[in-house]
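Chain residues, written in single-letter form:
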Amino acid sequence: MNYESCDNRRGEVLGRLLPALIPAALLTLLLAALAIEPLPWRLSWTWIPSLGVDLSLYVDGLSAQFLLLIVGIGTMVFVYGSAYLAENSRRNRVFGLLVLFMAAMIGAVVSDHLLVLFVFWELTSLLSFLLIGIDHEQEEGRRSALQALLVTGSGGLCLLAGIILLGQIGGSYSLQTLIERAPLFLEDVRLNAALALIFVGAFSKSAQFPFHFWLPNAMAAPTPVSAYLHSATMVKLGIYLLARLDAAFSELLFWEYSLVSIGTVTAVLAAIQTVRERDLKRILAWSTVATLGTLTMLVGLPGNGAALAVAALFFAHALYKAPLFFVAGNLDHGTGTRAIDKLTGMRRYMPWTAAIALLAALSMAGLPLTFGFIAKGAIALAKEQAEALLLVSYAAVLVNGVSVAVAAIAAIHVFWGRDRSPLQAGLHPHEAPLAMLLPPLLLVILGLLFGLAPTMIDPLLGAAAHAMAPGFDQTMVTLSYDFLAVLEAMAGALVLGGVILLGWRRLGLLMDRFRHLEIVGPEAWYWRSLVLLPRLAARQTRLLQHGQLPRYVMTLVSVATLLVLALLLVARPGWAWPELHSLTAPVAGAALLIAAGALVAMFVRDRLVLLLVSGLVGYGSAVLFLFTGAPDLAFTQFAVETVFVVVVAAVLLRLRRTPLALGAVPTAARLRPLALAVATAFGASLTALVLLVAGLPFDNSLAVFFSEQSVPAAHGRNVVNLILVDFRAVDTLGEIAVLFFALLAVLPLFKRFGGGA
Amino acid sequence: MIWAIALALGIVIAAGTYLALSRDLLRCLIGLVLLGNGINLLLFTSGRLSSSLPPVIGADEMVLGVAANPLPQALVLTAIVISFALLCFSLVLALRIIQLAGSDDLTRLRAAEPTSQDAVKPALEEES
């Protein structure tokens with residue numbers, strides 16, 4: 001019995017580990033491929049030929065480094081998650097989304113076509129949204145997920161615009177082609193705009209100022225998700241794109257200044273914000289933002305050393321920050337809290353986690369013999385080579401100091417701090433299961449290994465640096481670590497870190513005094529715009545869709561008048577007013593009849609009189625047609641006008657019987673100056689149009705065609721009739737149908753009226 | 001001749017527009033009638049007033065001699081009939097609306113786009 005339950009439990013644990021097989025298999029495959037096939041790998045096949053989109057894959061050192069991080073950290077996250085999420089009811093969904101996310105990340109870093117890369121990029125944003133909001137019953141989770149989506153999504157739109165512009169400038173969407181051709185279009189004036197748009201996309205994705213605020217809020221996600229998406233992989237995608245383009249644009253001053261300044265500002269702001277936090281996970285999140293800022297700054301720095309520094313920091317950060325997130329997860333799992341005020345002296349309850357935290361923290365602080373130290377060395381050398389500004393160096397000391405303090409908080413304060421009997425605080429700390437210890441342990445051991453023997457990782461770092469800076473000599477990697485310079489810089493950072501650690505609580509309180517400054521910060525603007533945008537949309541809708549028919553008509557007529565007037569102004573010089581031909585008496589009479597009818601109709605009050613007066617216009621037109629060679633028109637107009645008056649009279653009679661609750665409009669006949677002005681302008685502009693058109697040369701070819709074809713083709717002599725019933729017979733048939741349906745609607749009017757009488 | 005017609009059609013169109021801008025549904029419709037008449041005249045004159053003879057081919061001829069342009073006449077003929085159908089239908093529609101809503105004031109006929117104090121989502125007015 002006992003044996004069986006034990007067996008069951010073991011089966012359960014193994015079953016939960018199944019999803020981890022996917023990244024593990026991919027990792028094995030990748031390592032094997034790296035060992036067999038030299039970089040870079042190319043693969044290409046036509047996808048959408050009409051749009052010029054090829055599905056071309058390109059894997060060089062930089063992509064390979066990212067691939068290793070994605071599947072390597074992915075394997076660790078899946079193993080860790082199998083235990084961390086064991087009791088979580090949404091476990092399956094998390095793993096499903098994580099697999100999709102991994103696929104999207106792999107797609108993003110291997111695709112050579114920028115638009116394909118963009119699709120995968122957006123997919124990661126979407127999956128990040130779903131994973132942050134996985135606990136969708138919590139309002140905070142929903143808000144954070146939406147914030148991440150809106151910030152990275154709108155950045156993604158800018159990125160798309162930037163990509164399209166870059167593609168227009170460079171004549172290709174292939175990253176490799178663009179990098180090759182870059183020297184040809186570096187002078188293009190549109191390039192800065194394209195790069196600025198790409199910056200917005202990359203900065204929003206990689207949580208750079210002013211888009212940095214979404215990342216700490218994204219900590220609402222489960223810890224494995226935070227470690228994977230929001231520290232190791234997705235947030236580095238923006239840096240990845242910048243690093244990719246670095247080979248093409250590193251010589252541009254705009255490139256260097258933007259990246260160095262934004263990166264530095266982000267790192268400093270994040271370092272300052274770190275001190276305010278009391279939640280271990282949020283502390284780690286802010287320090288991740290600081291590292292991302294440093295990475296951006298390094299990408300911007302010119303020189304080969306900077307490329308190596310980026311590659312080294314990518315790796316080092318993944319190897320120490322992911323374990324620290326796992327440590328935070330273990331603490332959460334073992335005690336139910338992540339507040340650093342409650343967590344002290346945990347080494348007695350969680351010795352293995354304590355060891356992991358210590359090793360990871362050593363690397364984070366950049367102490368010698370760790371991989372963090374190697375990265376710090378590369379960074380120091382890069383700054384020296386690039387002759388970075390002093391201000392940037394001061395900023396780096398502050399950022400390093402804070403990261404030392406964060407490392408100390410995570411390792412020393414939490415695990416070795418004075419024990420204030422956590423049991424009294426209601427915590428029942430216990431060590432995490434094996435599946436939650438092995439992954440971080442493996443990562444910190446790897447970090448130590450690469451720190452002790454950096455030559456092991458050199459080929460990969462060299463290949464990655466070569467992808468960013470084609471001039472990078474891959475045999476020089478080992479020589480690039482300058483130990484003394486780092487030790488000097490470290491001394492300052494260690495002292496500063498110690499001070500910050502001791503004064504953490506006081507500094508936090510001090511910082512909280514400046515809390516009111518937040519109302520001018522980017523996050524405050526984010527919330528403000530969430531309120532203001534719908535309000536603005538509503539205002540605009542109210543303005544345009546006011547529901548008042550007369551005002552709609554007014555807008556339409558005004559715009560039409562302006563268009564006609566603009567046309568007249570543009571074309572006027574080539575035109576001439578027609579001469580005053582002799583006027584025949586019947587036409588003059590008809591014109592008078594028309595004008596008089598129209599003028600009186602404007603101001604008549606009684607509806608019946610209005611109807612009769614408006615009829616004058618129709619009859620006047622008929623007379624006019626009769627004397628200008630259009631008898632067919634005249635007869636039709638007479639007939640139609642007569643029938644119409646009958647119909648209107650019927651309607652008016654019915655209306656007279658309808659009691660109106662709100663009455664007829666009393667002011668209907670009153671003079672409306674604005675309407676009169678608009679109407680006059682419209683009429684006058686059309687009169688001018690007719691007069692000017694009459695002076696233009698006339699293309700008679702259609703009339704000639706009908707005149708020549710009428711007898712031989714249509715066998716008739718009345719050309720107007722032939723056009724209607726022969727040349728355009730089907731049209732006329734449709735017209736008859738329209739008339740028929742309209743009369744169907746009118747028919748009841750007379751029927752019931754007749755029946756009633 | 002063209003001056004007289006151009007002035008007349010300008011006045012008709014102005015009058016039609018003025019009436020169409022009215023709040024009174026029926027005046028609005030009469031305005032549409034006038035506008036239709038004015039536009040027909042515009043169409044007709046844009047084909048030039050070359051002759052006052054109707055475009056009919058003589059009994060012993062094969063092509064049209066000196067006569068008015070037949071093409072605008074055909075177009076205007078179609079327009080007259082179609083606008084007649086349109087306006088008859090609109091009149092019946094207007095009658096029905098006035099009977100249902102109990103008002104012929106266009107500013108009050110706004111079931112589709114109701115007024116509301118709510119800035120975000122306008123509430124529908126109560127059915128009367």
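What you are looking at is a predicted structure, and each value in this text was computed from that prediction instead of being measured.

### Digging into unusual backbone geometry
All names here are of chain A.
Then comes step 1: The step from phenylalanine 209 to proline 210 runs through a cis peptide bond, and the omega angle for that step is 0°.
Then comes step 2: Inspection of the secondary structure assignment puts proline 210 in the loop between helix 8 (190–205) and helix 9 (214–217).
Then comes step 3: Even without being a glycine, alanine 207 presents a positive backbone phi close to 55°.
Then comes step 4: Secondary-structure assignment places alanine 207 in the loop between helix 8 and helix 9.
Then comes step 5: The phi torsion at histidine 715 lies on the positive side, around 55°, for a residue other than glycine.
Then comes step 6: The topology assignment puts histidine 715 in the loop between helix 28 (701–714) and helix 29 (719–727).
Then comes step 7: Take histidine 715: its relative accessible area is 68%, and that puts it in the exposed class.

### With respect to the pattern of salt bridges
Residues and elements named next belong to chain A.
Then comes step 1: Applying the stated rule across the entire model yields 11 salt bridges over all chains.
Then comes step 2: Here arginine 90 and aspartate 135 are joined by a salt bridge, their closest N and O atoms 3.1 Å apart. In this pair, arginine 90 sits in the loop between helix 3 (61–84) and helix 4 (91–110) while aspartate 135 sits in the loop between helix 5 (114–132) and helix 6 (139–170), placing the two residues 45 residues apart along the sequence.
Then comes step 3: Of the residues examined, arginine 90 reaches a relative accessible area of 15% and is grouped as buried.
Then comes step 4: The residue arginine 338 makes a salt bridge to aspartate 332 at a minimum N-O spacing of 3.1 Å.

### Here we look at the packing of helix 14 (residues 304–335) of chain A against helix 18 (residues 434–452) of chain A
All names here are of chain A.
Then comes step 1: At a minimum axis distance of 9 Å, the contact between helix 14 and helix 18 shows a crossing angle of 155°. One element, helix 14, and the other, helix 18, form an angle in the roughly antiparallel class. The way helix 14 lies across helix 18 gives a crossing that is left-handed. Facing Leu319, Ala322, Pro323, Phe326, Gly329, Asn330 and His333 of helix 14, the residues of helix 18 in contact are Met436, Leu437, Pro439, Pro440, Leu443, Val444, Leu446, Gly447 and Phe450.

### Let's talk about empty space enclosed by the protein
Then comes step 1: Scanning the model with the defined rule gives 4 cavities of 30 Å³ or more in all.
Then comes step 2: As a volume, the largest cavity reaches approximately 130 Å³.
Then comes step 3: Residue lining of the largest cavity: 13 residues in total, with Val640 and Glu641 of chain A together with Val33, Ser83 and Leu87 of chain B positioned closest to the centre.
Then comes step 4: Taken together, the elements giving at least two residues each to the lining of the largest cavity come down to helix 26 (631–657) of chain A together with helix 2 (25–46) and helix 3 (70–101) of chain B.
Then comes step 5: In terms of residue count, helix 2 of chain B provides more of the lining of the largest cavity than any other element does, 5 residues in total.
Then comes step 6: Its residues assigned to classes, the lining of the largest cavity shows 7 nonpolar, 5 polar and 1 charged.

### Here we look at the confidence of the model for chain B
Residues and elements named next belong to chain B.
Then comes step 1: When the pLDDT values of chain B are averaged, the result is 83; 86% of them are 70 or greater.
Then comes step 2: Taking the mean pLDDT of every element in chain B, the minimum, 90, falls on helix 3 and the maximum, 92, on helix 1 (residues 2–20).
Then comes step 3: Contacts from residues 118–128, a stretch scored under 50 in pLDDT, to residues over four places away or in other chains number 13 contacts.
Then comes step 4: Overall fold confidence for the complex sits at a pTM of 0.74, while the interface term, ipTM, reaches 0.89.

Reading guide: rules and limits
Sequence order sets the numbering: in each chain, residues are counted from 1 along the sequence as written. Here chains are named by letter from A upward and ligands by number from 1 upward, in the order in which they appear as written. The model is predicted, so local features are restricted to residues of pLDDT at least 70 and side-chain atom pairs to those at 80 or more, both for listing and for counting; the totals for chains, interfaces and linings are taken over all residues. Water and hydrogen atoms were dropped before computing side-chain values, which therefore reflect all heavy atoms in the structure. Numbering of helices and strands starts at the N terminus; helices are DSSP runs of H or I of at least 4 residues and strands are runs of E of at least 2. Exposure categories follow from relative accessible area, calculated using a 1.4 Å probe and restricted to protein chains: below 20% of the type maximum is buried, above 50% is exposed, and the middle band is partly exposed. Should a side-chain nitrogen of Lys or Arg be within 4 Å of a carboxyl oxygen of Asp or Glu, the pair is scored as a salt bridge. Only the contacting stretch of a helix is used when fitting its axis, a line to C-alpha atoms as for every element, and angles between N-to-C directions run 0 to 180 degrees. Convention used here: angles under 35 degrees read as roughly parallel, angles over 145 as roughly antiparallel, angles from 65 to 115 as roughly perpendicular, and any remaining angle as oblique. Two helices cross in a left-handed way if the nearer one is turned anticlockwise from the farther one by less than a right angle. They cross in a right-handed way if the turn is clockwise. Any two residues having at least one pair of non-hydrogen atoms within 4.5 Å are treated as being in contact. Buried and open spaces are told apart on a 1 Å grid over the protein atoms alone, a cavity being a set of points where a 1.4 Å probe fits but cannot get out and a pocket being an open set with protein on both sides within 12 Å along at least five of seven lines. Residues with an atom within 4 Å of a point are the lining residues. Grid points are joined across faces, edges and corners, and a volume is the space filled by probe spheres set on the points. Charged means Asp, Glu, Lys or Arg here, nonpolar means Ala, Val, Leu, Ile, Met, Phe, Trp, Tyr, Cys or Pro, and polar covers whatever is left, Gly included. The predictor reports its confidence for every residue as pLDDT, a score running from 0 up to 100.

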